[in-house]
2 protein chains.
Amino acid sequence: MMGALLDEATEILRSRGGRMTSQRKRILESLELLGSHPSADEIFAFVSQSDPTLNLSTVYRTLRWLEQEGLISARHFHFDEDRRTDRFDAASPIDHHHFICTECKSVIEFDNRLIGEVKNQFSRQTNCWVQSVSVVLYGLCPNCQK
Amino acid sequence: MMGALLDEATEILRSRGGRMTSQRKRILESLELLGSHPSADEIFAFVSQSDPTLNLSTVYRTLRWLEQEGLISARHFHFDEDRRTDRFDAASPIDHHHFICTECKSVIEFDNRLIGEVKNQFSRQTNCWVQSVSVVLYGLCPNCQK
DNA sequence: AAATTATTGCAAATCATTTGCAATAAAAGT
DNA sequence: ACTTTTATTGCAAATGATTTGCAATAATTT
Ligand SMILES: [Mn+2]
Ligand SMILES: [Mn+2]
Ligand SMILES: [Zn+2]
Ligand SMILES: [Zn+2]
């Protein structure tokens, strides 16, 4: 249960002559601890508490590597203000979708088999081959509806 | 048919003491001509042909204003390379969705009533109020499947 | 035509992210 | 353990899209 990401990453590194460093360990850890969808900066701030020498570049390099390996996914949620910062998702890209409360910025993950249907119908109608689907709902969570 | 955007924009300007300038006219025009989902830079390049004095800031200012007024929408399509440039959509945010061919970068617009269902089911289950839905499919268009 | 002020062009600032490079430290070889 | 190899890091500078301050310009009003 705990350390799934770290184990997978370690395995990939081993198989390629890569090195599991203390900074990578901490970044992996933080991805599991910070459940939400943290930005590189948030991960940096969190890990910095326990390792003040960590550099933001290392955070980015590690995240991009994990992304390439398919262990995490980068997303842009279209917040009112900040359209531009990537958020990182410890889960694989393909198996869930997101609701964003535009007021408190909380994120709810969900899935729905109808989404598969949408994909199938589109494929059938256009002969496009659909590899992945991104669904993002924006609105107000129960709390923020007042 | 032609000039819908320009007409709406002109009307809004009129009602607020704004001014319909030549640069705004050209930018609005280009949004209708360039059917695809152009970036600010692409709009800039296009309009520059007919007005070499136009400045990129003006393009951005106009686009952001149109976005605020709800006449166009800004989107980020999650292309492999460039995750960071906004693309502008002459259509309103709410009434259609997109398929992106990750090979040739072409965009196909579509809609599907099931998406409304997904939204309704989510609302019912979580008591969240959903304001907007973004669906983006990534894959290969018929041509690029070889 | 003169006055008013919304809008522009220009240059500089922002801000998230990336990159080059020399210093550091895993892992491998001895 | 000691040395070698080289993957990885920290640091500082670069990038690239977008934004912003401000003086100059041009629509509109008077
Ligand atoms: Mn998620
Ligand atoms: Mn569109
Ligand atoms: Zn909320
Ligand atoms: Zn294609």
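Our structure's up above, just so we're on the same page.
Summary of the structure given here.

About the thresholds
- All residue numbers here refer to positions counted from 1 along the written sequence of the relevant chain.
- Chains carry letters from A onward and ligands carry numbers from 1 onward, assigned in written order.
- This being a predicted model, a pLDDT of at least 70 is required before a residue's local features are given, and a value of 80 or more before pairs of side-chain atoms are given or counted; all residues contribute to the totals for chains, interfaces and linings.
- Calculation of side-chain values draws on the structure's entire complement of heavy atoms; hydrogens and water are dropped beforehand.
- The cutoff for a nearby residue is simple: one of its non-hydrogen atoms must lie within 4 Å of the molecule or strand.
- Counted as a polar contact is a pair of N or O atoms within 3.5 Å, where, for protein atoms, one must be capable of donating a hydrogen and the other of accepting one, and residues adjacent in sequence contribute only when both atoms are in side chains.
- Under the scheme used here, helices are H or I runs from DSSP no shorter than 4 residues and strands are E runs no shorter than 2 residues, and both carry numbers assigned from the N terminus.
- Under this grouping Gly is polar, as are all residues other than the nonpolar Ala, Val, Leu, Ile, Met, Phe, Trp, Tyr, Cys and Pro and the charged Asp, Glu, Lys and Arg.
- The copies were overlaid by least squares, fitting only the C-alpha atoms of residues that reach a pLDDT of 70 or more in each copy.
- Contacts between residues were defined by any pair of non-hydrogen atoms, one from each residue, lying within 4.5 Å.
- Using a 1.4 Å probe on the protein chains alone, a residue whose accessible area is under 20% of its type maximum counts as buried, one over 50% counts as exposed, and one in between counts as partly exposed.
- Here the rule is simple: two strands pair whenever DSSP picks up at least two bridges between them.
- Axis definition: a line fitted to C-alpha atoms, limited for helices to the stretch in contact. Angles are taken between N-to-C directions and run from 0 to 180 degrees.
- Each metal site is built from N, O and S donor atoms within 2.8 Å (3.2 Å for Na, K and Ca), and since water is not included, such sites may look incomplete.
- Metal sites are grouped by the angles between bound donors: all angles between 85 and 135 degrees with four donors is tetrahedral, opposite donors over 155 degrees apart with the others between 65 and 115 is square planar for four donors and octahedral for six, and any other pattern is irregular.

### What to know about the protein's contact with DNA strand D
The local shell around DNA strand D holds 24 residues, among which Arg19(A), Arg24(A), Thr58(A), Tyr60(B) and Asp86(B) are the closest. Counted by atom, the contact set of DNA strand D within 4 Å of the protein is 68% sugar and phosphate. Between DNA strand D and Arg61(A) there is a distance of 2.9 Å, counted from a base nitrogen to a side-chain nitrogen or oxygen. The set of elements that each furnish at least two residues to the surface near DNA strand D consists of α2 (22–33) and α4 (56–68) of chain A together with α4 (56–68) of chain B. Examining the composition of the surface near DNA strand D, we find that five residues originate from one element, α4(B), more than from any other. Its residues assigned to classes, the surface near DNA strand D comprises five nonpolar, 10 polar and nine charged.

### Some thoughts on the relation of the copies chain A and chain B
Two copies of one chain are present, and they are related through a rotation about an axis combined with an axial shift. Of the transformation placing chain A onto chain B, the axial shift is 0.0 Å and the rotation is 180 degrees, giving an RMSD of 0.1 Å. Look at the turn and shift together and you get a two-fold axis relating the two. Within chain A, Val135(A) has its C-alpha nearest the rotation axis, a separation of 2.3 Å. A share of 100% of the interface residues of chain A reappears at the interface of chain B, consistent with the copies meeting face to face through the same patch.

### Examining the pairing of strand β3 (residues 97–101) of chain B
All names here are of chain B. Summarising burial for β3: five of the five residues are buried, a large majority. Side-chain alternation along β3 places His-97, Phe-99 and Cys-101 on one buried face and His-98 and Ile-100 on a second face that is also buried. Pairing of β3 with strand β4 (residues 107–110), which is carried by four bridges, proceeds in the antiparallel orientation. The residue of β4 that forms the bridge with His-97 is Phe-110. Connecting β3 to the antiparallel partner β4 that follows it, the hairpin turn spans five residues, and Lys-105 within it adopts a positive phi of roughly 65 degrees. For β3 and strand β5 (residues 129–140), the ladder comprises four bridges, and the chain directions are parallel. By the bridge assignment, His-98 is partnered in β5 with Val-136.

### Side note on the sheet that holds β5(B)
What the six strands build is an open sheet, ordered β4(A)-β3(A)-β5(A)-β5(B)-β3(B)-β4(B); its pairing is mixed. Either end of the sheet is taken by a strand with one partner, and the two such strands are β4 (107–110) of chain A together with β4 of chain B. Strand-to-strand twist of the sheet, defined as the mean angle between neighbouring strand axes without regard to direction, takes the value 20 degrees. Those strands touched by helix α5 (residues 113–126) of chain A are β3 (97–101), β4 and β5 (129–140) of chain A together with β3, β4 and β5 of chain B, and its axis lies near 135 degrees from that of β5(A).

### With respect to the coordination of the zinc ion (ligand 3)
Residue and element names in this part refer to chain A. In the first shell of the zinc ion (ligand 3), the protein supplies Cys-101 (SG), Cys-104 (SG), Cys-141 (SG) and Cys-144 (SG), at 2.2 to 2.4 Å from the metal. In this structure, the zinc ion (ligand 3) is coordinated by four donor atoms arranged in tetrahedral fashion, with angles at the metal of 102 to 114 degrees. Spacing between the donor residues of the zinc ion (ligand 3) along their common chain follows C-x2-C-x36-C-x2-C. Note that Cys-104 is positioned in the loop between β3 and β4 and Cys-144 in the segment after β5, a separation of 40 residues in sequence. Since its relative accessible area comes to 40%, Cys-104 is described here as partly exposed.

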